[in-house]
Amino acid sequence: MDKLSFPTEVVIFEVGPRDGLQNQREFIPTDKKVELINKLVAAGCKKIEVTSFVNPKWVPQMRDAKEVCARIERREGVVYSALIPNLKGLELALEAGLQEVVTIISASESHNKKNVNRSISQSLKEIEEINRIASENNVRVRSYIATAFGCPIEGDVPEEKVIDIALALEESGSYEISLGDTTGMANPIKAFELPKKLFKRLKHATLAVHYHQADGMEFANILASLQAGVPVFDGAAGGLGGCPYAPGATGNVATEILVEMFNRMGIKTGIDLNLIKECGRFAKSICNSCITN
Ligand code: MG
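Quick summary incoming for the structure in this document. Along every chain, residues carry numbers that run from 1 in the direction the sequence is written. Predicted model: local features are reported for residues with pLDDT of at least 70 only, side-chain atom pairs are reported and counted for 80 or more only, and whole-chain, interface and lining totals are derived from all residues. Hydrogens and waters are ignored; side-chain quantities use all the structure's heavy atoms.

### Looking at the overall build of the protein chain
Along the protein chain, the regular secondary structure elements total 11 helices and eight strands. Using C-alpha atoms as the atom set, the radius of gyration is obtained and then compared with a globule rule of 2.2 Å times the number of residues to the power 0.38. A compact globule built from 293 residues should have a C-alpha radius of gyration of about 19 Å, and the protein chain, at 17 Å, falls within 12% of that. When each of the 293 residues of the protein chain is scored for burial, the buried share is 54%. Long-range contacts, defined as pairs at least 24 residues apart, comprise 75% of the intrachain contacts of the protein chain with a sequence gap of at least 6. Every accessible area reported is derived by Shrake-Rupley at a probe size of 1.4 Å, with residue values counting cover from the shown protein chains alone. Of the roughly 12,900 Å² that the protein chain leaves accessible, carbon and sulfur atoms contribute 51%. Two residue types count as positive, namely Lys and Arg, and two as negative, namely Asp and Glu; His and chain ends fall outside the count. Here the site of a charge means NZ on Lys, CZ on Arg, CG on Asp, or CD on Glu. Put simply, the protein chain has 34 plus and 37 minus side-chain charges, and the middle of one group is 2 Å from the middle of the other. Comment: elements are numbered from the N terminus, with helices defined as DSSP H or I runs of at least four residues and strands as E runs of at least two. Burial status follows relative accessibility: with a 1.4 Å probe on protein chains alone, a residue under 20% of its type maximum counts as buried, one over 50% as exposed, and anything between as partly exposed. Here a residue-residue contact requires only that any non-hydrogen atoms of the pair lie within 4.5 Å.

### Quick word on the environment of Thr-250
Inspection of the secondary structure puts Thr-250 in the loop between strand E8 (232-235) and helix H10 (255-264). Under the relative-accessibility criterion, Thr-250 is labelled partly exposed at 27%. Sequence spacing of Thr-250 and Ala-214 is 36 residues, and the spatial spacing of their C-alpha atoms is 7.4 Å. Once residues lying within four places of it in the same chain are set aside, the contact partners of Thr-250 are His-212, Gln-213, Gly-241 and Gly-242.

### A look at unusual backbone geometry
Where the residue is not glycine, phi is negative for most of them; where a peptide bond is considered, it is trans in most cases. Not every positive phi belongs to a glycine, and Asn-138 is a case in point at roughly 55°. For Asn-138, the location among the structural elements is in the loop between helix H6 (120-136) and strand E5 (140-146). According to the relative accessible area criterion, Asn-138 is exposed, its value standing at 70%. You will see that Thr-147, though not glycine, has its phi angle at about 55°, which is positive. Looking at the element boundaries, Thr-147 is found in the loop between E5 and helix H7 (159-172).

### Quick word on the sheet that holds strand E6 (residues 176-180)
For two strands to be treated as a pair, DSSP must find no fewer than two bridges joining them. In spatial order, the strands read E1-E2-E3-E4-E5-E6-E7-E8; together these eight strands close into a barrel with parallel pairing. Across the sheet, the mean angle separating the axes of adjacent strands is 25° when strand polarity is ignored. Every axis in this analysis is a line fitted to C-alpha atoms, fitted for helices over the stretch in contact. Angles between the N-to-C directions lie between 0 and 180 degrees.

### Let's talk about the pairing of E8
What you see with E8 is no split at all: Val-232 and Asp-234 on one side and Phe-233 and Gly-235 on the other are buried throughout. Both strand E1 (residues 11-14) and E8 contribute to a ladder of four bridges, which runs parallel. When the bridges of E8 are listed, Val-11 appears paired with Val-232. Here strand E7 (residues 206-210) runs beside E8; their pairing, made up of two bridges, is parallel. Looking at E8, one finds that Ala-208 is bridged to Val-232. When the strands point away from the viewer, a crossover counts as right-handed if the route from the first strand across the helix to the second turns clockwise. Each parallel crossover has a hand, and for E7 linked through helix H9 (residues 217-228) to E8 it is right-handed.

### Topic: the coordination of the magnesium ion
Distances from the magnesium ion to its protein donors, namely Asp-19 (OD), His-210 (NE2), His-212 (NE2) and Asn-252 (OD1), fall within the range 1.9 to 2.3 Å. Donor residues binding the magnesium ion come from one chain and are separated in sequence as D-x190-H-x1-H-x39-N. Of this pair, His-212 sits in the loop between E7 and H9 while Asn-252 is found in the loop between E8 and H10, placing the two residues 40 residues apart along the sequence. Here the term donor refers to an N, O or S atom within 2.8 Å of the metal (or 3.2 Å for Na, K and Ca), and because water is left out of the atoms, sites may appear incomplete.

### Some remarks on H7
For H7, with 14 residues, the first-to-last C-alpha span of 20 Å sits near the 20 Å given by 1.5 Å per residue. All of the buried residues in H7 are Val-162, Ile-163, Ile-165, Ala-166, Leu-169, Glu-170 and Ser-172. Where the residues of H7 are buried, they touch strand E4 (100-106), H6, E5, E6 and helix H8 (188-201). Phi turns positive, to about 120°, at Gly-173, one or two residues after H7. Under the convention used throughout, the expected extent of a helix is 1.5 Å for every residue step, that is, one less than its residue count.

### A few points about the side chain of Ser-178
Locating Ser-178 in the fold gives a position in strand E6. Residue classification places Ser-178 among the buried positions, given a relative accessible area of 0%.

Dropping the structure here:
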């Protein structure tokens, strides 16, 4: 093999305003969240997870979800989405006029139970219902599979388990499936082989990867997934994420480093490097208690 082969362009799915901010201890003023989202759009981000419609008792940082959605500029060609943990979340996201919602399920039973207090089969049933209602409202559904590369509680997660869940999600109508490396347990071999196996089985759903900081290994994983043909990469401006009270939960991959890496490789992202770097700085500046590298 003399030459590696890569796509000419990829999509970056920006999760900073939700995944990056949700665990910040101090409440970030709504104005700042709105400003961050508008800056991301100005930098060229076309797909942004702007908030989460989750019970404020569990995630107080996202208690202004409705207001954020009402106040952000809605630019043509940009998809604004929100994480929803359940049907109630969907209802609120529909009221907020979003075009896309994002569901979450874990590939390990114990993590799913801890995260959303349901069994995997209960979650799949609920996501099926979410897809049904979303589709009636012309809203698209993106689905995360958390702990896809390993679980902090159970350890190894069998690939077949991830594949079965992905196929069920596709069957339900989810248009995109994002494989989450929740606590940075992936390695380049898994990051290559799991997507390859999924490409053989999925009929039409797009595949994304969602890596977290893992002492630098995340970029080896990104390269391996890119080589496997994954077209969508999740990132959070400033590398935000994680939580001082959740050991093992590191920050997300920083979008600005993703963009820099793809730029150097000649792979188009549609995002301006200087502007996204500025978004990274801004994101970090609005957080008082963030973990970043
Ligand atoms: Mg994340």
